[in-house]
Amino acid sequence: MARVPRPWFWKQTGWWMAYVGGEKKKLAQGRDNKKAARTKLNQLLSVASVASDETTVASIIDRYLADVGDQLASNTLALRKPYLQSFAEMHGWRRIEDCRPSHMRSWLKAHPEWVSDWTKNGAIRNVQVAFNWAAGEERLIQGNPFRGVTHQAGDPRRPLTDDEFQALLRASNGRRTKRRPSSGARFRQFLIFLRFTGCRPCEAAKLRWDDIKNGCIVLTRHKTRRTQKTPKPRIIPLHPVVVKLLIAIRSRNEGEFVFLNHRRTPWNKCNLALRMRRAREKAGIPLDAKLYGTRHAFGTRAIINGVDLKTLAELLGHTTTRMSEHYLHLAGEHAHLASAMQRANGRRSSA
């Protein structure tokens, strides 16, 4: 993709500068005014692109990555950048005014390897965010030309059953090599941790030993932090099974991250998905049994065992009970509903 102008600080003058159209332009004075310099640069580039009528898909993506890339979490950037790169390779030459929603759909069709509806929706969202940014505060374009493009929703994720969980554990119980657990055995430990904490897989994959304090996991960076008016850490109490598991892992003394694969690097979305697929095939369980199903199973199990929604929301790291209400989808749990009916009428269940 084309190189994008960036602000640089000129010590001799104390100004932030940038080259726009081959000319050196003053942006903002003072080393602490980098944000103002970026804003000024965006304005200059916007005027230049309108005058030359050369605002293309690639130029918007380049600007987005240059301006926002260093503000995104590393895992978010690593996930989003390949989709943007792929889209730019196919449609980067198009002028924004010539873009149509059909171009987004043709891009999806060009990737038959994206099988699931979840993946296709994720691809759309990761591209649209750049054009929403350009049409929003930055006002680089009149509007997002791909606004409204959607894909059918994927099938709702379901809880992983106890039998499926046990089958996955058996399928992942690899042998030790050179006094170190195999990848299968390491994935088995990851599964056990998810089941007894209700963590999101991404939270477990990024978990560091420094996050474990006084018998709890304290996550200062988590998914719902940005939606909170007063950001607070996510607290995850440790079950005795998890404590025993962590002690065993800690004895290997392999670095700052708790969970590592056989290459001794942190797990990521891709290698977790691969390991889950292999374990699922070996165990002979359905394709809709997903790793995230351990979290759904945790929430469903908590409801059945009488945990109230407010407490469950805290355990799962939800900002409100609204998300936790998802785990009330227990229409098929006849025994649980019958027991609840007995308690609602002031009678103890005979079970």
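Source: prediction; values computed, not measured. (Residues numbered from 1 in each chain as written. Predicted model: local features only at pLDDT ≥ 70, side-chain atom pairs only at ≥ 80, totals over all residues. Heavy atoms only, no water.)

Q: Describe the packing of helix H3 (residues 74-91) against helix H5 (residues 117-135), naming the residues involved and giving the relevant values.
A: Helix-helix packing: each pair is described by the crossing angle between the helix axes and the interaxial distance. The contact between H3 and H5 brings their axes to 9 Å, and the two run at 80°. Relative to H5, the element H3 lies roughly perpendicular. In contact with Arg-80, Tyr-83, Leu-84 and Phe-87 of H3, H5 contributes Thr-119, Ala-123, Asn-126, Val-127, Val-129, Ala-130 and Phe-131. The class makeup of the residues in the contact of H3 with H5 is 8 nonpolar, 2 polar and 1 charged. (Axes fitted to C-alpha atoms, helices over the stretch in contact; angles between N-to-C directions. Helix = DSSP H or I, 4+ residues; strand = E, 2+ residues; numbered from the N terminus. Parallel < 35°, antiparallel > 145°, perpendicular 65-115°, else oblique. Contact = heavy atoms within 4.5 Å. Nonpolar A, V, L, I, M, F, W, Y, C, P; charged D, E, K, R; others polar.)

Q: Report on the pattern of salt bridges, specifying residues and quantitative values.
A: Overall, the coordinates contain 13 salt bridges when judged by the stated rule. The salt bridge involving Arg-234 is made with Glu-203; its shortest N-O contact spans 3.0 Å. Separated by 31 residues along the polypeptide, Arg-234 in strand S6 (residues 234-237) and Glu-203 in helix H8 (residues 201-205) bring together distant segments of the chain. For the pair formed by Arg-234 and Glu-203, the shared burial category is buried. Close ionic contact of Glu-254 with Arg-264 constitutes a salt bridge, the shortest N to O distance being 3.9 Å. With Glu-254 in the loop between helix H9 (240-250) and helix H10 (269-283) and Arg-264 in the loop between H9 and H10, this residue pair connects regions lying 10 residues apart in the sequence. Residue classification places Arg-264 among the partly exposed residues on the basis of a relative accessible area of 46%. Through salt bridges that share partners, Arg-186, Arg-252, Glu-254 and Arg-264 make up one connected network. (Salt bridge = Lys/Arg side-chain N within 4 Å of Asp/Glu carboxyl O. Buried < 20%, exposed > 50% of the residue type's maximum accessible area, 1.4 Å probe, protein only.)

Q: Before we move on, could you go through the nonpolar core and cite the residues and values that matter?
A: If you look at the biggest cluster of nonpolar residues, it comprises 34 residues, and the most contacted ones within it are Phe-187, Phe-190, Phe-193, Phe-259 and Leu-291. Listed by contribution, the elements that provide at least two residues to this core are helix H6 (162-171), helix H7 (183-197), H8, strand S5 (216-219), H9 and H10. A total of 6 residues in this core trace back to one element, the largest contributor, which is H7. For Phe-259, the residues in contact, after removing those within four places along its chain, are Gln-189, Phe-190, Phe-193, Ala-204, Ala-205, Leu-207, Ile-249, Pro-266 and Trp-267. (Core = buried A, V, L, I, M, F, W, Y, C linked by side-chain atoms within 4.5 Å.)

Q: Describe the sheet that holds S5, and please don't skip the residues or the numbers.
A: Strand order in the open sheet formed by 3 strands is S4-S5-S6, with antiparallel pairing between adjacent strands. Lying at the two open borders of the sheet, with one neighbouring strand each, are strand S4 (212-213) and S6. Pairing geometry for S4 and S5, over 2 bridges, is antiparallel. Note on S5: the bridge partner recorded for Lys-213 is Cys-216. (Pairing = 2+ DSSP bridges.)

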